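Single-letter residue listing:
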Amino acid sequence: MEDYKYLFKIVLIGNAGVGKTCLVRRFAQGVFPNVQGATIGVDFMIKSLMVNDVKVKLQIWDTAGQERFRSITQSYYRSAHCLILVYDVFSQCSFDSLPQWCRDIDQYAGAAIAGNGRNVLKVLVGNKCDKDREVPLHIAEQFAHNNNFDLFMETSALEAENVEKLFREIAEILVSRNQESNGGTMSRSITSNSFNQSSKPSNCFNCFSN
Amino acid sequence: MSSTKQAMMDNKLIKFKKLIYQDEVTDLNELRSMAWAGVPPSVRHVTWKLLLGYLPVVREKRAAALARKRSDYQHYVEQYYNNNRCPDDEIWRQIHIDIPRMQPLVSIFQQEIVQRIFQRILYIYSIRHPASGYVQGMNDLVIPFFVVYLSEFMPTHSLSELDHVNVSTLSEEVLQGVEADSFWSLNKLLDSIQDNYTFAQPGIQSLVHLLSRVMSRIDSKLHNHLSSNNVNYLLFSFRWMNNLLIRELPLRCIIRLWDTYLAEGALTSSTANVSSSSTGSTLTSSLLESSNLTITNNSLGNGSPFAASFHLYVCAAFLRYWSKNLLQENDFQGLILYLQNLPTFHWGDNEVELLVADAYSLKETFTPNHLLSS
């Protein structure tokens, strides 16, 4: 067994081509791929980091964005600790799709929340903020607030802006949630239903940043 | 290369040339059985077109048939692409995003002229097939056809050299021909596996389920190891089905694999009474009956130019090829990362030939009784 204390499952969703895979590769491998083929189904990345002297392992599920794949990828929401919904600040179209993605989150991650008494951490990310924008920052912030996202951030996978910070904040929130609810102990198995969960309803974390 | 081997290859090429270019009527059964073991690169383009049923077997009819199909395609380009395309079309936008980021030939897809060719092929396909539309992965399926048909005009170039060819140096007529032939070949291929790309992708879901059933019989140790670590087959083999292994193997291997696929698929299409093909379909239907799945024949590619049922056995052979390495991985993450990055980069014809031989033996020895017992 490896020496990590927490293992969290993070699922990235959002329209095709918004940069989900580039975001994950920037974080997990420190690279920005020049050519990144479309993700088919789901890809996996693992990255460990230290949060307050505690080793945390993030298991990142990078899902395909195209509509045709949703019936497959939706089944992966259920056991996630965190869902990152990504849009492209340069693409109004990707922003306009967010309400549908939010409905999917409620429908496919919602059952799990009710079932085991925890809330999935909902994060909204506007990627490609190095480009000219079509989506104003304040509109996106408002959207995140109105739709109960726990965290909102703009990132640039190309310029490595806010990428590390994004995943670090997610890890910190997840660790603090688990420490609050379990007194620091939890199951290390994250697969399917074996996760040891808090019964405490979580509040909005109010940690909006930009 | 030894002189004996060279002589065998020369001899093989002479046989292909005789069948294709000298006989009045090409004997398709003979061509299939020869192509199954690999097609010499210099006659691959015409062999594939014959095996797909795109070129007539009667030699003197070929030129006219080709001219007609190419002209039909030019009409589609006018009708669907040049005149009626909505600039905000979502499908067009998606295709537009996907083409420049295609692999494995990186350089060639940066050329605008090539991007346009792929965009037209995929866009017109999607408009003419609204039930599936364009699904990511279809772009990959065009690559082998495009590369093989292009290589007809670059006979001295190897695959890796082809990546650096300046495509715009070829004449417009040549490129239009390559484009039209690639389009019609893609149609032939996708017609046989359309259920893989319609809503909820039922064809793929069935194939993934069948793969799991087959593996439980042929390598129960690996099968149990995967399931005890919660590695669901869908997680890694969805892409194997959606992209027909193109993401898992080097392109040179895919092209060699498709020699066999096209030979194998054609075998099941025009000779319905060939016993091996009926074994395949009986097997799959009994697997399906026992698992309460419903499926149309179409999604398995039976009776089609591209037998997806053979692809199923290739996937099973492919998975068990890695069995020893996978059994050494002892958790979910180790397994899934290995399965998503299988070390095939050094693979060549030898590995593919082992794979198809194993797949063939699985197909031949797997009887419905094996699957229904225990």
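Residues numbered from 1 in each chain as written. Chains lettered and ligands numbered in written order. Predicted model: local features only at pLDDT ≥ 70, side-chain atom pairs only at ≥ 80, totals over all residues. Heavy atoms only, no water.

Participant: Any chance you could break down the overall build of chain B for me, citing the residues and the numbers?
Facilitator: Looking only at helices and strands, chain B features 20 helices and zero strands. Intrachain contacts of chain B at a sequence separation of at least 6 include 76% that bridge at least 24 residues. Of the accessible surface of chain B, which amounts to about 15500 Å², a share of 52% is contributed by carbon and sulfur atoms. (Helix = DSSP H or I, 4+ residues; strand = E, 2+ residues; numbered from the N terminus. Contact = heavy atoms within 4.5 Å. Areas by Shrake-Rupley, 256 points an atom, 1.4 Å probe, with all protein chains shown as cover.)

Participant: Before we move on, can you summarise the pattern of salt bridges with the specific residues and values?
Facilitator: For the coordinates displayed, the defined rule picks out 19 salt bridges over all chains. Arginine 44 of chain B is the salt-bridge partner of aspartate 259 of chain B, the closest N and O atoms lying 2.8 Å from each other. Note that aspartate 259 of chain B is positioned in helix 13 (residues 251-270) and arginine 44 of chain B in helix 3 (residues 41-51), a separation of 215 residues in sequence. One exposure class covers both aspartate 259 of chain B and arginine 44 of chain B, and it is buried. Here the residues in one salt-bridge network are Asp43 of chain A together with Arg239 and Glu248 of chain B, joined through shared partners. (Salt bridge = Lys/Arg side-chain N within 4 Å of Asp/Glu carboxyl O. Buried < 20%, exposed > 50% of the residue type's maximum accessible area, 1.4 Å probe, protein only.)

Participant: Explain the domain arrangement of chain B to me, and be specific about the residues and the numbers.
Facilitator: Residues and elements named next belong to chain B. The domains assigned to chain B are domain 1 (3-192) and domain 2 (202-372). Taken together, the contact pairs 28 residues of domain 1 with 29 residues of domain 2. In total, domain 1 and domain 2 occlude about 2400 Å² of area from one another, counting both sides; carbon and sulfur atoms represent 68% of this. The largest share of the area that domain 1 buries against domain 2 comes from Arg32, Trp36 and Ser192, three residues that together contribute 31% of it. Taken together, the links from domain 1 to domain 2 amount to two salt bridges. When the shortest N-O distance is used, the salt bridge between aspartate 140 and arginine 247 registers 3.0 Å. Of all the elements in the fold, those that place two or more residues in the side of domain 1 that touches domain 2 are helix 2 (28-35), helix 3, helix 7 (138-151) and helix 9 (172-192). The element contributing the most residues to the side of domain 1 that touches domain 2 is helix 7, with seven residues. Residue composition of the side of domain 1 that touches domain 2, by class: 18 nonpolar, five polar and five charged. (Domains from an automatic or database assignment. Buried area = accessible area lost by both parts, 1.4 Å probe. Nonpolar A, V, L, I, M, F, W, Y, C, P; charged D, E, K, R; others polar.)

Participant: Could you give an account of the pairing of strand 2 (residues 42-51) of chain A, with specific residues and numbers?
Facilitator: Residue and element names in this part refer to chain A. Across ten bridges, the pairing between strand 2 and strand 3 (residues 54-63) is antiparallel. The residue of strand 3 that forms the bridge with lysine 47 is leucine 58. A loop of two residues connects strand 2 with strand 3, the two strands running antiparallel in sequence, and asparagine 52 in this loop sits at a positive phi of about 50 degrees. (Pairing = 2+ DSSP bridges.)

Participant: Residues and numbers for the sheet that holds strand 5 (residues 121-127) of chain A, please.
Facilitator: What the six strands build is an open sheet, ordered 2-3-1-4-5-6 (chain A); its pairing is mixed. Looking at the sheet topology across the chains shown, the edges are occupied by strand 2 and strand 6 (151-154) of chain A. Mean inter-strand twist for the sheet, computed between neighbouring axes without regard to direction, equals 20 degrees. Against the sheet, helix 18 (residues 332-340) of chain B contacts strand 1 (6-13), strand 2 and strand 3 of chain A, and its axis sits at roughly 135 degrees relative to strand 2 of chain A. (Axes fitted to C-alpha atoms, helices over the stretch in contact; angles between N-to-C directions.)

Participant: Lay out the side chain of aspartate 98 of chain B in plain terms, naming residues and giving numbers.
Facilitator: Summarising the element assignment, aspartate 98 of chain B is placed in helix 5 (residues 90-98). Residue aspartate 98 of chain B is classed as buried on the basis of its relative accessible area of 1%. What aspartate 98 of chain B contacts, discounting residues up to four positions off in sequence, is Ala38 of chain A together with Tyr134, Gln136 and Asn139 of chain B.

Participant: An account of the pairing of strand 5 of chain A is requested, with residue identities and associated values reported.
Facilitator: Residues and elements named next belong to chain A. With seven of its seven residues buried, strand 5 lies for the most part within the structure. Alternating positions in strand 5 separate into two faces, Leu121, Val123, Val125 and Asn127 on one and Lys122, Leu124 and Gly126 on the other, with burial throughout. Judged from the seven bridges that link them, strand 4 (residues 82-88) and strand 5 form a sheet pairing that is parallel. Bridge pairing links aspartate 88 to asparagine 127 in strand 5. Across four bridges, the pairing between strand 5 and strand 6 is parallel. Among the inter-strand pairings, valine 125 is bridged to a residue of strand 6, identified as methionine 153.

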